[in-house]
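Chain residues, written in single-letter form:
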Amino acid sequence: MNKKYLQWLYGQLPELANKGMITQQNAEQIRQYYEGLSISSKKPLALIIFGTIGTFLIGLGIILLFAHNWEQLSRATRTVLSLMPTAAGILLCGWVLLKKNDIMALRESTATFLSLMVGASLALVCQTYHISGDSADFIMTWMLLIVPLVYLMDATIPAVIFLAGITSWTYHFWGDTLKVFLYWPLAAIVVPHFVRSLRKEMYAVRSSLFALAAALSVFLISFVMLNQKNLPGSWIIFHSGIFGMFYLIGKLDVDTPSRHWQAPFLFIGRIGILIMAFILTYHMLWDFDISKMGSFSDIGLLLNTALLVGIMSIYAFLAIRSQKSLEVEDVFYAALPLMAIFGCLFTYLVEPLSAVPAILFDVYILAFSVRYISGGIKQSRFDKLNTGILILTVLIILRFFDINIGFTLKGLTFIILGIGFLVVNIAMLRRREGKA
Amino acid sequence: MKNKQAIIFFLFLVVAFLQLATPFALIRKHEAILKEGKTFKFRTAPIDPFDAFRGRYVALGFEQDKVLMPEGMDLKSDDKVCASVTTGEDGFARISGLNKYPPIGLSYMKVKVRYTSGKDVFLDLPIDRYYMEEEAAKLAETVYRAHSRADKRDAYAVVCIKDGDAAIDKLYIGDRPIEDVIREAVQTSK
């Protein structure tokens, strides 16, 4: 249950009672009803968490036991034992579907168990018959066999396992754009489940977990997705676009029962934007030349371009949709992809390996930190103030390692920064105590 | 609602069948190779890596994984070819040729080109691992090293080949299964 809405409701009840719209007794009954709901909603939540962790551990334990190798047994015995984990998982899931389909915790835990056991069975058979073949085939077979469980059992953990599996599968094809691109249609298989859980779920755990897995998965495949040989510098736009998109998803004002699912996107977006901004202050990273771009008859280049256009289109849609609800700090975060595009265009069209884009990002981070510091002082918020000072400090440290400055000057600067950090914090603390 | 549940359960049964049928199909295929395939002895040179997903194994390298580039063929890394397999005078397997298509009348393995160097083609054979119990796999490497000196290269894998597919039956050290050699080595060390 969304705490924000509950707090609002509790705040409204006295006013409604005072105006005679409801009696005091009604107000108390409404309060008790929702308090009971939020407590009881934690029970199945705990069951889901512990049930899933329990079956996950059992599944992992079984896999590890099998990895120990049972060479003392005959091939026939090992063959039968190889199929038993999957058979056990199927029986459990079948029983849940027939008799206990309304208990989410059971659906999640048995589906997780079966998902792991399918992998265990395949691994055991490979071990028994010394089957080689690369792990990419093994992973893909496993993932395709378990993905239907996401919908048949209405379970999220198998979807998370699936995302992890296809992400690791792409790493076997580094540089092979066509193969890596298959990630997107594969990942799309589990998106309807996520959308459905967002719309109907009172509990945030499942959709938050999926959101975290999706955000991490997209972040990880971003390193293998682009072929820098045919589109130099594209990684800058791609990563900036991904993090900008995540940030805006995190800030989107949506009408879902819970908004906790947005937290992983916001967190990864924020961290990613800051790290990218710092990285892009190094001017050697702007060393790419549009004349080295591949030919558009190359399918890899077409796919890369389509990917960039797709990411930036989603970013633009989210930015337009969110423009009224974004505060000034949000605009700073969300502006990274636009700055990245400007920097790349400048490098492509004006001058490669120019210091201009790098300096632009220096100014961007400086303005960012000043905004945070001034906002923190005005609102008496230590978290904002110290975040701003920290960002500024990191920028100065990075530039110090860039430029040839003597130790004395570096040391003095750090001392001044440290003193400034302390003075501002103490001043704000006194100001706050004075107001109180 | 009941109809929907019935459909879901039916689909679940279909998926369950596939989840069991996939490993079963692998088992059936490899059993057929071991029972009906032609047997060859491949001289090996094992090393010992670790595959977290599938257990500990002895990685097998083969003396026969290098062949000359056939005339008229221009092979590159990751190309798939058919390697004809015959038995040499010493009783051990030889790769006698490479073809794009299965050769008629000869046993062959489907292999991948690892890389080429000049006129030499280095192959990835589909019989590159022998699973053993963890501690045994470590010992196997030590035992093999003792049997890999130039005067004592007597380690080999017995492989069955059928219709391009290959399956390892056993790994031998000096005409004895490696499991027996390891067992004896363990008992001797105690």
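Residues numbered from 1 in each chain as written. Chains lettered and ligands numbered in written order. Predicted model: local features only at pLDDT ≥ 70, side-chain atom pairs only at ≥ 80, totals over all residues. Heavy atoms only, no water.

**Some points on the interface of chain A and chain B**
Step number 1: Tallying the contact residues gives 38 residues for chain A and 35 residues for chain B.
Step number 2: Between chain A and chain B we count 3 residue pairs in polar contact (both at pLDDT 80 or more) in total.
Step number 3: Elements supplying a minimum of two residues to the side of chain A that touches chain B: α4 (75–99), α5 (104–128), α6 (135–146) and α7 (148–152) of chain A.
Step number 4: In terms of residues, the side of chain A that touches chain B owes the most to one element, α4 of chain A, which gives 10 residues.
Step number 5: Grouping the constituent residues of the side of chain A that touches chain B by class yields 23 nonpolar, 12 polar and 3 charged. (Contact = heavy atoms within 4.5 Å. Polar contact = N/O pair within 3.5 Å; in protein donor to acceptor, adjacent residues only side chain to side chain. Helix = DSSP H or I, 4+ residues; strand = E, 2+ residues; numbered from the N terminus. Nonpolar A, V, L, I, M, F, W, Y, C, P; charged D, E, K, R; others polar.)

**Looking at the sheet that holds strand β5 (residues 80–87) of chain B**
Residue and element names in this part refer to chain B.
Step number 1: Read from one edge to the other, the open sheet built from 5 strands follows the order β4-β8-β7-β5-β6, with strand pairing classed as antiparallel. Each of the sheet's edge strands pairs with one partner strand only, and the pair in question is β4 (66–68) and β6 (93–99). Sheet twist, expressed as the mean angle between neighbouring strand axes with direction ignored, is 50°. (Pairing = 2+ DSSP bridges. Axes fitted to C-alpha atoms, helices over the stretch in contact; angles between N-to-C directions.)

**Concerning the pairing of strand β7 (residues 107–117) of chain B**
Residues and elements named next belong to chain B.
Step number 1: Alignment of β5 against β7, held across 6 bridges, turns out to be antiparallel. Within β7, the residue paired with alanine 83 across the bridge is methionine 109.
Step number 2: In this structure, β7 lies alongside strand β8 (residues 120–124), joined through 5 bridges in antiparallel fashion. Counterpart to serine 117 in the pairing with β8 is aspartate 120.
Step number 3: Following β7, the chain reverses through 2 residues before pairing antiparallel with β8; glycine 118 in that reversal takes a positive phi of roughly 65°.

**Notes on the nonpolar core**
Step number 1: Leu163, Phe246 and Tyr364 of chain A are the most contacted members of the largest nonpolar core, which has 107 residues in total.
Step number 2: Considering each element in turn, this core owes the most residues, 10 residues, to helix α13 (residues 234–251) of chain A.
Step number 3: Look past the residues within four positions of phenylalanine 246 of chain A in its chain and what remains in contact with it is Ala215, Val218, Phe265, Leu266, Ile268 and Gly269 of chain A.
Step number 4: In terms of nonpolar packing, the next biggest core, distinct from the first, is built from 38 residues, Val58, Ala83, Ile127 and Ala137 of chain B among them. (Core = buried A, V, L, I, M, F, W, Y, C linked by side-chain atoms within 4.5 Å. Buried < 20%, exposed > 50% of the residue type's maximum accessible area, 1.4 Å probe, protein only.)

**Overview of the confidence of the model for chain A**
Step number 1: Residues with a pLDDT of 70 or more make up 85% of chain A, whose mean pLDDT is 82.
Step number 2: Averaged over each element, pLDDT in chain A is lowest for helix α3 (residues 42–67) of chain A (66) and highest for α7 of chain A (96). (pLDDT = per-residue confidence, 0-100.)

**What about helix α17 (residues 336–349) of chain A?**
All names here are of chain A.
Step number 1: End to end, α17 covers 20 Å across 14 residues, agreeing with the expected 20 Å (1.5 Å per residue, within 8%).
Step number 2: For α17, the full list of buried residues reads Leu336, Pro337, Met339, Ala340, Gly343, Cys344, Phe346, Thr347 and Tyr348.
Step number 3: Contact partners of the buried residues in α17: α13, α14 (262–279), α15 (299–322), α16 (328–334) and α18 (356–379). (Expected span 1.5 Å × (residues − 1).)

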